[in-house]
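One-letter residues, chain by chain:
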Amino acid sequence: MATFIDVHSGFVGVTAEQLKEAHEADLAIEAEEGVHFERAWLDPDTGKVFCLATGPSKEAVMRVHERAGHPTVEVYEVPIEV
């Protein structure tokens, strides 16, 4: 499995509870694409959300997010970890 970090924009003013709901929407369907979302971070001032996931491909990560209602095209594979 590969590791991915993705970035969402437009989440200005979102609360921790709303982020949790969005993350849970991903978790509810992630297995259908062979993806697992590890964690999500939010900067409500800039509206940026960052997600850490493992899965078979960038496209699988994108499909889960799109189906969960918060699509992004900004997905990066991160093959090196220290």
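Quick look at the structure, then.

Calculation notes
Residues numbered from 1 in each chain as written. Predicted model: local features only at pLDDT ≥ 70, side-chain atom pairs only at ≥ 80, totals over all residues. Heavy atoms only, no water. Core = buried A, V, L, I, M, F, W, Y, C linked by side-chain atoms within 4.5 Å. Buried < 20%, exposed > 50% of the residue type's maximum accessible area, 1.4 Å probe, protein only. Helix = DSSP H or I, 4+ residues; strand = E, 2+ residues; numbered from the N terminus. Contact = heavy atoms within 4.5 Å. Salt bridge = Lys/Arg side-chain N within 4 Å of Asp/Glu carboxyl O. Expected span 1.5 Å × (residues − 1). Arc of directions from axis to C-beta.

### A few points about the nonpolar core
Counting 15 residues, the largest nonpolar core has F4, V35, F37, V49, A53, V61 and V64 as its most contacted members. Where this core is concerned, the elements lending two or more residues are β1 (2-8), α1 (16-29), β3 (48-55) and α2 (58-68). Apart from the residues within four sequence positions on either side, V49 is in contact with D6, V7, H8, F11, L19, W41 and L42.

### Points about the side chain of E33
Mapping E33 onto the fold places it in the loop between α1 and β2 (36-43). Since its relative accessible area comes to 18%, E33 is described here as buried. Discounting chain neighbours no more than four positions away, the residues touching E33 are P56, A60, R63, V64 and R67.

### Focus: the pattern of salt bridges
For the coordinates displayed, the defined rule picks out four salt bridges. Here E24 and K20 are joined by a salt bridge, their closest N and O atoms 3.9 Å apart. Taken together, the positions of E24 and K20, both in helix α1 and four residues apart, correspond to about one turn of that helix. Bridged by salt links that share partners, the residues E32, E33, R63 and R67 form one connected network.

### Quick word on the environment of F11
Inspection of the secondary structure assignment puts F11 in the loop between β1 and α1. A relative accessible area of 19% means that F11 is categorised as buried. Considered as a pair, F11 and V78 are 67 residues apart in the sequence and their alpha carbons are 24 Å apart.

### A word on α1
Between the first and last C-alpha of α1 there are 21 Å, a value that for 14 residues agrees with the 20 Å anticipated at 1.5 Å per step. The complete set of buried residues in α1 reads L19, A22, H23, D26 and I29. Taken down its axis, α1 places every buried residue within 140° of arc, on the same side. Exposed side chains of α1 directed beyond 90 degrees from the buried face belong to A16 and A28.

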